[in-house]
Amino acid sequence: LLRAFFFLPLLWSCQSAPELVQMTNQGPAQGSTFSISYLVPEGVDYRKDIDSILKCMDQQMSLWVESSEISRLNRGDSVYVSNDFQNVILKSIYISELTNGDFDITIAPLIKAWGFSGGTRKDSINLDSLMNFVGYKGLMASRPGPMLEKFALPKGYEIDVNAIAQGYTVDIVSNFFRNANVHNYMIEIGGEVRCKGTNIDGRKWRIGIEQPQEERSAGQYQTIVVLDSMSLATSGNYRKFWVDERGQRVVHTIDPETGQPVISNLLSVSIIANNATFADALATACMVSGFTRAKAMVERFPNTEGYFILGNKYGEFEVQTTSNWSQYELN
């Protein structure tokens, strides 16, 4: 009997795990693009599942889909809000509190008035009247309840979740992989990233942070980070802007407190955090608050690091980081 038991573990060890291959799915998503790589047994492809997650998010939170839940809310309708969209609204309010209002999804009227997110640029903007309908605290009082109840925005309010929805979608795909027993993956949607495990070569995933320039050649990175079980999000003003008649750049980061585009020497912020939802929203908040306040804010959060690219008066880049950022940088 003893001998029989002795052989059992040997028999088991001969049945090795199936050979894994690296599958990559790419395409357009949420007004940008996505690229998702993951290790699976040959013949397994989660493309359809990923596409359906992306479509589902658009049906809830895309300003470009007229029938989406967010578009209907912004038109003043009462809507049964889906679980994920409700989550995003509640997380947004929470992050607004954490960032002292620098992150705020109620700035949609301002974004449109300044000529971004499908809005048209006006010669004069009546900020005083617009500011009556801006402020996340107005949402707190009427936050969405259970899915069985209809939700409407406070009168005159509109919301824009572009600064958190991509990060949230990355986390939803990550949850899908966890449930599908995929342990090695790199999810990138609109520049927001989450990685786990290794690539097919057994190396941890390496992600480049772009130099903040309008004209950038391929492979021109400011730095490269190595991520495992962490997320990375970058926010910057160097792509979305227009120039007024005085030659001043009008950038797409709007300060919820003043209603004005932010004027700052902070060109881009990259945040590493446990999840992409938080990293995405925090990167936007940092662009609003400016370098000094942003660095102090990021240092307060556990397992969270920041990489700040500033422009100096000589037109050169200057890099500042939070205290433990270097642990993620490729040496």
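This structure is a prediction, so every number in the text was calculated from the model and none was measured. (Residues numbered from 1 in each chain as written. Predicted model: local features only at pLDDT ≥ 70, side-chain atom pairs only at ≥ 80, totals over all residues. Heavy atoms only, no water.)

**Things to note about the nonpolar core**
- Formed by 62 residues in total, the largest nonpolar core has its most connected members in Y38, F85, V161, F177, I271, C286 and F308.
- Broken down by element, the residue count for this core peaks at nine residues, all from helix α9 (residues 276–289).
- Those residues in contact with F177 that sit more than four places away from it in its chain are I36, Y38, Y46, I50, V182, Y185 and I187.
- Counting residues in hydrophobic clusters, the runner-up holds 16 residues, among them V225, M230, I272 and Y307. (Core = buried A, V, L, I, M, F, W, Y, C linked by side-chain atoms within 4.5 Å. Buried < 20%, exposed > 50% of the residue type's maximum accessible area, 1.4 Å probe, protein only. Helix = DSSP H or I, 4+ residues; strand = E, 2+ residues; numbered from the N terminus. Contact = heavy atoms within 4.5 Å.)

**A closer look at the sheet that holds strand β5 (residues 185–189)**
- Read from one edge to the other, the open sheet built from eight strands follows the order β1-β2-β5-β6-β9-β12-β13-β14, with strand pairing classed as antiparallel. Looking along the sheet, the strands with just one partner apiece sit at the ends: β1 (20–29) and β14 (317–321). Put simply, the sheet's adjacent strands are angled 15 degrees from each other on average, direction ignored.
- As paired strands, strand β2 (residues 32–41) and β5 are joined by five bridges and run antiparallel to one another. Across the sheet, residue S37 finds its bridge partner in β5, namely M186.
- Relative to the sheet, α9 contacts β6 (192–196), β9 (230–236), β12 (266–273) and β13 (305–311), its axis offset from that of β12 by approximately 155 degrees. (Pairing = 2+ DSSP bridges. Axes fitted to C-alpha atoms, helices over the stretch in contact; angles between N-to-C directions.)

**Observations regarding the side chain of N74**
- Here N74 lies in helix α3 (residues 69–74).
- On the basis of relative accessibility, which here comes to 15%, the residue N74 falls in the buried class.
- Among the polar contacts listed, one links the side chain of N74 to the backbone nitrogen of I159, at a separation of 2.8 Å.
- The residues contacting N74, other than those within four sequence positions of it, are L63, L153, E158 and I159. (Polar contact = N/O pair within 3.5 Å; in protein donor to acceptor, adjacent residues only side chain to side chain.)

**Some points on the packing of α9 against helix α10 (residues 291–300)**
- At a minimum axis distance of 7 Å, the contact between α9 and α10 shows a crossing angle of 145 degrees. Note on packing geometry: the crossing formed by α9 with α10 is right-handed. On α10, the residues that touch L282, A285, C286 and S289 of α9 are F291, R293, A294, M297 and V298.
- Split by residue class, the contact of α9 with α10 holds seven nonpolar, one polar and one charged. (Left-handed = near helix turned anticlockwise from the far one by under 90°. Nonpolar A, V, L, I, M, F, W, Y, C, P; charged D, E, K, R; others polar.)

**Points about the environment of V81**
- Tracing the backbone through its elements, the reader meets V81 in the loop between β3 (79–80) and α4 (83–98).
- Its relative accessible area of 3% is what places V81 among the buried residues.
- Put simply, V81 and Q60 are 21 residues apart on the chain and 8.0 Å apart in space, counted from C-alpha to C-alpha.

**Observations concerning the pairing of β12**
- Burial analysis of β12 places seven of its eight residues in the buried class, the great majority of the element.
- Summarising the sheet, β9 and β12 pair through six bridges and their orientation is antiparallel. Bridging from a neighbouring strand, A233 pairs with I271 of β12.
- In the sheet, β12 pairs with β13 via six bridges, with the strands oriented antiparallel.

**So, the side chain of S96**
- Mapped onto the elements of the fold, S96 is located in helix α4.
- By relative accessible area, S96 is classed as buried at 1%.
- Setting aside residues up to four positions removed in sequence, S96 forms contacts with G101, F103, D104 and Y136.

**A word on unusual backbone geometry**
- Residues other than glycine seldom take positive phi values, yet S229 does so here, at roughly 60 degrees.
- Since its relative accessible area comes to 41%, S229 is described here as partly exposed.
- One non-glycine residue, N303, adopts positive backbone phi at about 55 degrees.
- Note that N303 resides in the loop between α10 and β13.

**Here's the deal with the confidence of the model for the protein**
- When pLDDT is averaged along the protein, the result is 86; 85% of the residues meet or exceed 70.
- By mean pLDDT, helix α1 (residues 2–13) is the weakest element of the protein at 46, and β6 is the strongest at 98.
- Segment residues 1–14: pLDDT under 50, and zero contacts once partners within four positions in sequence are set aside and those in other chains are kept. (pLDDT = per-residue confidence, 0-100.)

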